[in-house]
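# Survey of secondary and tertiary structure
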Amino acid sequence: MQAFITFTLILFVHGDIFMTNPRGSNNRLNEKSNNRANANRLFDSQNNNKGGYNVGDRFAEEAGNDPAKQYQIQYYESGPQLEESSKLIIEWANQHGCGSKNRKSKCNIVIQYMCMNNGTDANYPKTQSGTVEEQKKRTDYMRDGVSTNKQDYSRPLQRLKKETEALYKERMTENRNKHVRFDYGLHESLIWYDMCRYREANPRLFRADQQLNIDSVGYVPSHKTRQNANGNRRGFECPEERDYYPYWQPTLQGNYDKDSQRTAWLDAAYLGLGCNGILKNSFNTKDKYRCVLNKYRDYGRSITKDACELEGGNWVKFTSYLEVLDDITNKDDCEAKNKATPRNTIIWAPLRSDSTDSKCIVKAPRAACGTIPFTRVNHLGNSFLHANNASRFEWDIPHFPSGSAKRCVVRVRYNITTMDYDPSQTSSDQNG
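This text gives an overview of the structure that appears in the document. (Residues numbered from 1 in each chain as written. Predicted model: local features only at pLDDT ≥ 70, side-chain atom pairs only at ≥ 80, totals over all residues. Heavy atoms only, no water.)

## Comments concerning the overall build of the protein
Per the secondary structure count, the protein includes seven helices and 16 strands. At 21 Å, the protein has a C-alpha radius of gyration in line with the 22 Å of a compact globule built from 432 residues. Summarising its shape, the C-alpha atoms of the protein cover approximately 60 × 55 × 45 Å along the three principal directions. Burial status across the protein gives 53% buried among its 432 residues. In the protein, 72% of the contacts between residues at least 6 apart in sequence involve partners at least 24 apart. Surface exposure of the protein reaches about 19400 Å², of which carbon and sulfur atoms provide 46%. Counting 62 positive and 52 negative side-chain charges, the protein places the centres of these two groups 4 Å from one another. (Helix = DSSP H or I, 4+ residues; strand = E, 2+ residues; numbered from the N terminus. Rg over C-alpha atoms; globule rule 2.2 N^0.38 Å. Buried < 20%, exposed > 50% of the residue type's maximum accessible area, 1.4 Å probe, protein only. Contact = heavy atoms within 4.5 Å. Areas by Shrake-Rupley, 256 points an atom, 1.4 Å probe, with all protein chains shown as cover. Lys, Arg positive; Asp, Glu negative; His and termini not counted. Charge placed at Lys NZ, Arg CZ, Asp CG, Glu CD.)

## Focus: the state of the cysteines
For the coordinates displayed, the defined rule picks out six disulfides. The residue that forms a disulfide with Cys98 is Cys107, at a sulfur-sulfur distance of 1.5 Å. Linking Cys98 and Cys107, the disulfide has an S-S dihedral of approximately 120° and is accordingly described as right-handed. Taking relative accessible area as the criterion, Cys98 reaches 0% and is therefore assigned buried. The exposure class assigned to Cys107 is buried, which follows from its relative accessible area of 15%. Residue pairing for Cys196: its cysteine sulfur links by disulfide to Cys238, the two sulfurs lying 2.2 Å apart. Across the disulfide from Cys196 to Cys238, rotation about the S-S bond amounts to roughly 70°, and the bridge is consequently right-handed. Of the two residues, Cys196 is situated in helix α3 (residues 190-198) and Cys238 in the loop between α3 and α4 (239-243); the sequence distance between them amounts to 42 residues. Just as Cys196 is buried, Cys238 falls in that class too. (Disulfide = S-S within 2.5 Å.)

## Points about unusual backbone geometry
Here the amide bond leading from Asn21 into Pro22 is cis, since omega sits at -15°, within 30 degrees of zero. Mapped onto the secondary structure, Pro22 falls in the loop between β2 (17-21) and β3 (56-57). Here the residue pair Tyr245 and Pro246 is connected by a cis peptide bond, since its omega of -10° sits within 30 degrees of zero. Within the secondary structure, Pro246 sits in the loop between α4 and β8 (266-271). At Gln46, a residue that is not glycine, the phi angle is positive and equals roughly 55°. Position of Gln46 relative to the elements: it lies in the loop between β2 and β3. Owing to a relative accessible area of 40%, Gln46 belongs among the partly exposed residues under this scheme.

## Concerning the sheet that holds strand β6 (residues 87-94)
Pairing is antiparallel in the open sheet, where three strands are placed in the order β2-β6-β15. The sheet terminates laterally at β2 and β15 (391-396), the two strands that pair on one side only. The sheet shows a mean angle of 30° between the axes of neighbouring strands, direction not considered. Bridge count for β2 against β6 is four bridges, and the pairing is antiparallel. Within β6, the residue paired with Ile17 across the bridge is Asn94. (Pairing = 2+ DSSP bridges. Axes fitted to C-alpha atoms, helices over the stretch in contact; angles between N-to-C directions.)

## Looking at the environment of Ser391
Tracing the sequence through the fold places Ser391 in strand β15. The spatial distance from the C-alpha of Ser391 to the C-alpha of Thr20 is 9.8 Å, given a sequence separation of 371 residues. The contact partners of Ser391, leaving out residues within four places of it in the chain, are Ile90, Glu91, Trp92, Asn94, Pro373, Thr375, Ser383 and His386.

## Notes on the nonpolar core
The biggest cluster of nonpolar side chains holds 43 residues, and the ones touching the most others in it are Ile90, Trp92, Ile109, Ile111, Tyr113 and Trp395. Among all residues touching Ile109, those that are not within four sequence positions of it are Ile17, Trp92, Ala269, Tyr270, Leu271, Ile372, Val412, Arg413 and Tyr414. Judged by nonpolar contacts, the second largest core, of 17 residues, contains Tyr153, Tyr198, Cys238 and Tyr247. (Core = buried A, V, L, I, M, F, W, Y, C linked by side-chain atoms within 4.5 Å.)

## Considering the pattern of salt bridges
Between side chains of opposite charge, a pair can form when the charged atoms approach closely. Taken as a whole and judged by the stated rule, the model has 29 salt bridges. Across the salt bridge formed by Lys136 and Asp257, the nearest N and O atoms sit 2.9 Å from each other. Taken together, the residues span a long stretch of sequence, with Lys136 in helix α1 (residues 132-140) and Asp257 in the loop between α4 and β8 at a distance of 121 residues. Relative accessible area serves as the criterion here: at 35%, Lys136 is assigned to the partly exposed category. Ionic pairing is found between Asp243 and Arg242, a salt bridge with its closest N-O pair at 2.8 Å. Each of Asp44, Arg234, Glu237, Arg242 and Asp243 takes part in salt bridges that share partners, so that together they form one network. (Salt bridge = Lys/Arg side-chain N within 4 Å of Asp/Glu carboxyl O.)

Remember that the coordinates give geometry; whether it matters functionally is a separate question.
What follows is the structure, given as structure tokens:
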């Protein structure tokens, strides 16, 4: 049978690519103009200002400042049995062409999603109240918002070693109460971006001849990359995670929260050469590590085990999840749920290696491999792979065994390089 659980999408695309189904935002919200108002509102789209779709109105009148009157696209999730697939055709047009017959560039397409419990209108942040509940909603609940302004952020102004626990708490309280607005849009969480600002940039990533300058924390953090050398911020996305795939750290947006069930960035598909080898490093199926400190701020700068231990932290392994079935409290019931749900892999295990608290974890499905559609440069039309249709991928929407409706963000990433660099032979050894 089909599972009639809604799957609400908030949509966007990355870099010279236009998602046409479902309707990609390109950072638009409710503009009454040809051009979008804010190209940096939620993410770095690097697209033409005239691209993208507004959030729809749910009723005949304009939504205005009431998010409950916005129309969110909804889909049925897949059922628990393998033959009960709910298909979503994702279509796009990419500016600079793609595919094996394109002699001017090499590229791949990555389709990803991030979900949380949808809740009800009561879960949507509505005030700047200083209560813990409202702070949590403002800084974590994924939403389009009702303003085209970008979330503000107070960064660490002193070198990391000088930001004491008290100063960190003061700064993050200011962020939660003042800078993160209930009426502005939010995809990634506040904590995710703050981790990015603290974490050291990975020197083993390709930067060409780009020299990244030391930041106020006293080193080069991961919000600076070859393509974002000045450290500009777009929403709360982490530039290093955005620019390099697959990312080498867990993409969880903070510690596990059983109420929101917010996931990491999960992979739906990789379209391009070498897919099987690349997806071996997908967080869907490969556990990843980060440095955990035994402090109020439990994240630091270190990106290796040895450096983490010198920092006084633990090198902790994290597993990804589609959701966690907290109502199942023992291994036998969890294994029975796994047998009854062939579409999913459900395991009884801790979410992280520094915990002995096992949970019934629904693993994210393995991402699909696919052929990159061939399109001409500057065409923005149909692909040769899909006759009379735009470039597309048919995605099996996941099954969520909890039965809870989900709110999800889907993104399409267009990674492209000229023939000057062979991606399979280019590494940090070629950095200038």
